[in-house]
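# Inside the fold
Next come the chains, spelled out residue by residue.
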Amino acid sequence: MTASIISGTEIAKQTRSQLAKEVAQLREEGVAPGLVIILVGDNPASLSYIKGKRKASEEIGIDFKLEQFPESLSEEDLLRVIDSYNEDSRFHGILVQLPLPKHIDEIAVIEKISPEKDVDGFHPVNLGRMLTGQKCFLSCTPAGIMEMLRIKGVDPAGKHAVVVGRSNIVGKPVGQLLLKENATVSYCHSRTRDLSSITKQADILVVAAGKANLITGNDIKPGAVVIDVGMNRNEHGKLCGDVAFDEAKEVASLITPVPGGVGPMTITMLAYNTVEAAKKTRS
Ligand code: GUN
């Protein structure tokens, strides 16, 4: 079997064009959705992610602002900046780009963002709302994965979904969203014994471990849906995921490539969350 490729790029394009229409409508109603990204330092990977977020925002018609500070910015000053954007009605979404310098407490920063502007979905209030099935901002990568599955007609109900990786940003929340859609969910991580024996049981396999080629063709059940969240550079500097794509596509039924899979959807869901935040401010 050769898998069909899930093109995140294509799905993102369709979703963005839909969002652009909604933004045009919002603007007619006098609401101009705005997103501010706060960056401390000049981490090249962060700058590259931000470039994609700016491009998507501008394409959709969201007012975008990058607020960049030197690496030496104190935590206290960063918290003050966040507070000023919490109060600023021009910006419906606030995103503090991670990672932050070591002298800044990431948790304190995330908790400072108003949950109503937390378009990353990282605030404990949003995570708690997600766990209890309430309306909330979903973190963007898990939301993008669920949207891709929905558009491709993959219903998780009754299926065994295996998530490899347990980060707060991807692994933990995507497992919860799959559970909400009635999948039977297993979490695997660096301490899991005999990883392959578990991934081979997956009808839906989500890999978010940050390790190139962690999952090979032999680790996949024939016909599985494989979602690769990895973003690694191989020995030639080429972007690659956590799944050995060429082997995996011979075993899976559907698979996301890297690049062009989960990445474009993550950025699109950030725009989606920003538009939702703006909609809530309509009188
Ligand atoms: N750094 C890498 N990915 C992300 C993300 O989705 N949000 C934030 N805030 N920082 C990141």
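Worth saying up front: this structure is predicted, and the values here are computed from it rather than measured.

This part covers the overall build of the protein. Looking only at helices and strands, the protein features 10 helices and 11 strands. Along the first, second and third principal axes, the C-alpha set of the protein runs to 50 × 40 × 40 Å. A buried classification covers 49% of the 283 residues belonging to the protein. The contacts in the protein between residues at least 6 apart in sequence include a share of 70% that link residues at least 24 apart. Carbon and sulfur atoms make up 51% of the accessible area of the protein, which amounts to about 13400 Å² in all. Put simply, the protein has 33 plus and 35 minus side-chain charges, and the middle of one group is 3 Å from the middle of the other.

Before going further, it helps to examine empty space enclosed by the protein. One pass over the structure, following the stated rule, counts 1 cavity of 30 Å³ or more. Roughly 40 Å³ of internal volume is contained in the largest cavity. Together, Ile-94, Leu-95, Val-96, Leu-98, Ile-110, Ile-113, Asp-118, Asp-120 and Phe-122 line the largest cavity. Counting residues per element, the lining of the largest cavity draws most heavily on strand β4 (residues 93-96), which supplies 3 residues. Of the residues that constitute the lining of the largest cavity, the class distribution is 7 nonpolar, no polar and 2 charged.

The final tally for this structure, using the stated rule, is 16 salt bridges. Residue Arg-54 is joined to Glu-58 by a salt bridge in which the shortest nitrogen-to-oxygen separation is 3.6 Å. In this pair, Arg-54 and Glu-58 are both assigned in helix α2 (residues 44-60), 4 residues apart and thus about one turn of the helix distant. Residue Glu-58 is classed as partly exposed on the basis of its relative accessible area, which comes to 47%. Overlapping salt bridges, with partners in common, bring together Arg-16, Lys-55 and Glu-59 in one network.

A large share of strand β2 (residues 34-40) lies buried, amounting to 7 of its 7 residues. Where β2 and β4 come together, 4 bridges link them in parallel fashion. Bridging across to β4, Ile-37 finds its partner in Leu-95.

With a probe scaled to a water molecule rolled over the atoms, the places where space remains empty come into view. Of the pockets and cavities examined, the largest pocket occupies roughly 1200 Å³. Along the walls of the largest pocket sit 41 residues, with Tyr-49, Thr-141, Met-231, Gly-263 and Thr-266 positioned nearest its centre. For the lining of the largest pocket, the secondary-structure elements that each account for two or more residues are α2, β4, α6 (140-151) and α10 (262-279). Classifying every residue of the lining of the largest pocket by side-chain character gives 22 nonpolar, 14 polar and 5 charged. In this structure, the second largest pocket encloses a volume near 610 Å³. The wall of the second largest pocket is formed by 24 residues, among which Leu-138, Ala-143, Met-146, Leu-177 and Tyr-272 lie closest to the centre. Elements that contribute at least two residues to the lining of the second largest pocket include exactly α6, α7 (171-180) and α10.

Here the focus is the sheet that holds strand β5 (residues 160-164). One open sheet accounts for 6 strands, arranged β1-β11-β8-β7-β5-β6; its pairing is parallel. Looking at the sheet topology across the chains shown, the edges are occupied by β1 (4-5) and β6 (184-188). Bridge count between β1 and strand β11 (residues 254-255): 2 bridges; the pairing is parallel. Looking at β11, one finds that Ile-5 is bridged to Ile-255.

Inspection of the entire model under this criterion finds 1 aromatic pair. Between Tyr-85 and Phe-91, the ring centres sit 5.4 Å apart and the planes meet at 80°, which makes this aromatic pair edge-to-face. Since its relative accessible area comes to 7%, Phe-91 is described here as buried. Positioned above the aromatic ring of Phe-137, the side-chain terminus of Lys-280 is 4.4 Å from the ring centre.

The next subject is the site of the ligand. Around the ligand, the structure places Tyr-49, Leu-95, Val-96, Gln-97, Leu-98, Asp-120 and Phe-122. In this structure, a nitrogen atom belonging to the ligand sits 3.2 Å away from a side-chain N or O atom of Gln-97. Bound to the protein, the ligand loses 82% of the 280 Å² it would expose on its own. Assessed atom by atom at 2 Å from the grid points, the ligand resides in the largest pocket. Residues of the shell around the ligand, tallied by class, amount to 5 nonpolar, 1 polar and 1 charged.

Rules behind the numbers
Residues numbered from 1 in each chain as written. Predicted model: local features only at pLDDT ≥ 70, side-chain atom pairs only at ≥ 80, totals over all residues. Heavy atoms only, no water. Helix = DSSP H or I, 4+ residues; strand = E, 2+ residues; numbered from the N terminus. Buried < 20%, exposed > 50% of the residue type's maximum accessible area, 1.4 Å probe, protein only. Contact = heavy atoms within 4.5 Å. Areas by Shrake-Rupley, 256 points an atom, 1.4 Å probe, with all protein chains shown as cover. Lys, Arg positive; Asp, Glu negative; His and termini not counted. Charge placed at Lys NZ, Arg CZ, Asp CG, Glu CD. 1 Å grid on protein atoms, 1.4 Å probe; cavity = no way out; pocket = protein on both sides within 12 Å on 5 of 7 lines; lining within 4 Å. Points joined across faces, edges and corners; volume = space filled by probe spheres on them. Nonpolar A, V, L, I, M, F, W, Y, C, P; charged D, E, K, R; others polar. Salt bridge = Lys/Arg side-chain N within 4 Å of Asp/Glu carboxyl O. Pairing = 2+ DSSP bridges. Phe/Tyr/Trp six-rings, centres within 6.5 Å; stacked < 30°, edge-to-face > 60°. Lys NZ or Arg CZ within 6 Å of the ring centre and 35° of its normal. Near = heavy atom within 4 Å. Polar contact = N/O pair within 3.5 Å; in protein donor to acceptor, adjacent residues only side chain to side chain. Sits in = over half its atoms within 2 Å of the grid points.

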